[in-house]
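# A structural walkthrough
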Amino acid sequence: FFQAEDGIRDSSVTGVQTCALPILVVDNGNLTIVGAGASQTFLVGDGDSADTDRGITTDGAADLTIEALTMENFEENDQGGAVYVHTGNFTCTNASFLDNVASDGDGGAVYVNSGNFASTGCTFGSKNRGNYSEYSGGAVYTNGNVTCTNSTFVDNEADDSGGAFVVYNGNVTT
């Protein structure tokens with residue numbers, strides 16, 4: 001397990017890495033994280049909104065790809081409980097997002113501010129309580145196009161709208 005602590009701030013991380021979370025990716029610092037499987041590789045937050053506990057943030061123009069891992073128990077006092085993509089695309093494959101919270105924002109698990117969201121074979125929600133957003137998009141909120149293939153959304157909740165996800169200014173393809 002990785003536990004959220006001080007984090008790394010490097011746009012050129014490559015290869016096999018062991019690091020503390022959160023991870024901050026800066027302009028043009030595209031990042032791909034590949035685990036050994038959603039039941040074998042875990043990125044785990046401390047579930048405390050009193051501090052910054054989002055797992056991965058892109059700051060500026062950067063694409064983020066996550067494959068074969070689980071992100072769980074992240075709680076952020078802003079947009080995107082586990083993942084925040086500022087400007088860029090987010091792609092996840094065979095990943096799970098469980099029990100993540102945006103306690104004062106949108107996108108309980110994932111928030112894409114400006115870019116596209118693609119999910120293949122992923123699970124969003126459940127374990128203990130699912131993903132939750134105080135505003136919109138219990139699991140996902142995106143300002144762009146969405147493509148979901150063989151993905152499951154279960155037990156996600158949002159106080160305003162979109163228990164599973166909200167797509168603002170984009171199209172959905174399933």
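Criteria and thresholds
Residues numbered from 1 in each chain as written. Predicted model: local features only at pLDDT ≥ 70, side-chain atom pairs only at ≥ 80, totals over all residues. Heavy atoms only, no water. Helix = DSSP H or I, 4+ residues; strand = E, 2+ residues; numbered from the N terminus. Buried < 20%, exposed > 50% of the residue type's maximum accessible area, 1.4 Å probe, protein only. Pairing = 2+ DSSP bridges. Phe/Tyr/Trp six-rings, centres within 6.5 Å; stacked < 30°, edge-to-face > 60°. Salt bridge = Lys/Arg side-chain N within 4 Å of Asp/Glu carboxyl O. Contact = heavy atoms within 4.5 Å. pLDDT = per-residue confidence, 0-100.

### What about the overall build of the protein chain?
Helix and strand counts for the protein chain come out as zero helices and 22 strands. For the protein chain, the residues scored as buried account for 48% of the 174 residues in total.

### Regarding the sheet that holds strand β10 (residues 90-93)
One open sheet holds the six strands; their spatial order is β3-β6-β10-β14-β18-β22, and the pairing between them is parallel. On the outer flanks of this sheet lie β3 (31-34) and β22 (172-173), each paired with one strand and no other. Here strand β18 (residues 146-149) runs beside β22; their pairing, made up of two bridges, is parallel. The partner of Thr147 across the bridge, within β22, is Thr173.

### Points about the sheet that holds strand β16 (residues 132-133)
What the four strands build is an open sheet, ordered β8-β12-β16-β20; its pairing is parallel. Of all the strands in the sheet, the pair left with one neighbour each is β8 (75-76) and β20 (157-158). Across two bridges, the pairing between strand β12 (residues 101-102) and β16 is parallel. Considered in β16, the bridge of Val101 is made with Tyr132.

### What about the packing of aromatic side chains?
All told, the structure shown has eight aromatic pairs when counted by the stated rule. On the numbers, 5.1 Å between centres and 5° between planes, the contact of Tyr111 with Tyr141 is stacked. Taken as a pair, Tyr111 in strand β13 (residues 110-114) and Tyr141 in strand β17 (residues 140-142) lie far apart in primary sequence, 30 residues in all. Relative accessible area serves as the criterion here: at 7%, Tyr111 is assigned to the buried category. Centroid distance Phe124 to Phe153: 4.7 Å. Interplanar angle 5°. Geometry classified as stacked. Here the residue Phe124 occupies a position in strand β15 (residues 123-124), and Phe153 occupies one in strand β19 (residues 152-153), the gap between them amounting to 29 residues.

### Quick word on the pattern of salt bridges
Considering all chains together, one arrives at one salt bridge under this definition. Measuring nitrogen to oxygen at the nearest pair gives 3.9 Å for the salt bridge that ties Glu76 to Arg54. Taken together, the residues span a long stretch of sequence, with Glu76 in strand β8 and Arg54 in the loop between β4 (42-44) and β5 (56-61) at a distance of 22 residues. Across this residue pair, the class does not change: Glu76 and Arg54 are buried.

### Examining unusual backbone geometry
Glycine aside, the phi torsion of most residues is negative, and most peptide linkages are trans. For Ala68, which is not glycine, the phi torsion reads 55° and is therefore positive. Topologically, Ala68 is positioned in the loop between β6 (64-67) and β7 (70-72). Judged by its relative accessible area of 16%, Ala68 is buried.

### Concerning the side chain of Ser136
Inspection of the secondary structure puts Ser136 in the loop between β16 and β17. Take Ser136: its relative accessible area is 11%, and that puts it in the buried class. Dropping the residues within four chain positions of it, Ser136 is found in contact with Gly105, Asp106, Gly107, Tyr141, Ala158, Asp160, Ser161, Gly162 and Val166.

### Observations regarding the confidence of the model for the protein chain
Averaged over the protein chain, the pLDDT score is 84; the fraction of residues at 70 or greater is 81%. Averaged pLDDT values for the elements of the protein chain fall to 38 in strand β1 (residues 2-9) and rise to 98 in strand β14 (residues 117-120). Between residues 1-17, whose pLDDT stays under 50, and residues either more than four places distant or in other chains, the model counts 38 contacts.

### What to know about the environment of Glu157
Of note, Glu157 is situated in strand β20. On the basis of relative accessibility, which here comes to 45%, the residue Glu157 falls in the partly exposed class. Taking C-alpha positions, Glu157 is 8.5 Å from Glu134, a pair spaced 23 residues apart along the chain. Leave out the neighbours within four places in its chain, and Glu157 touches Asn131, Tyr132, Ser133, Gly138 and Gly163.

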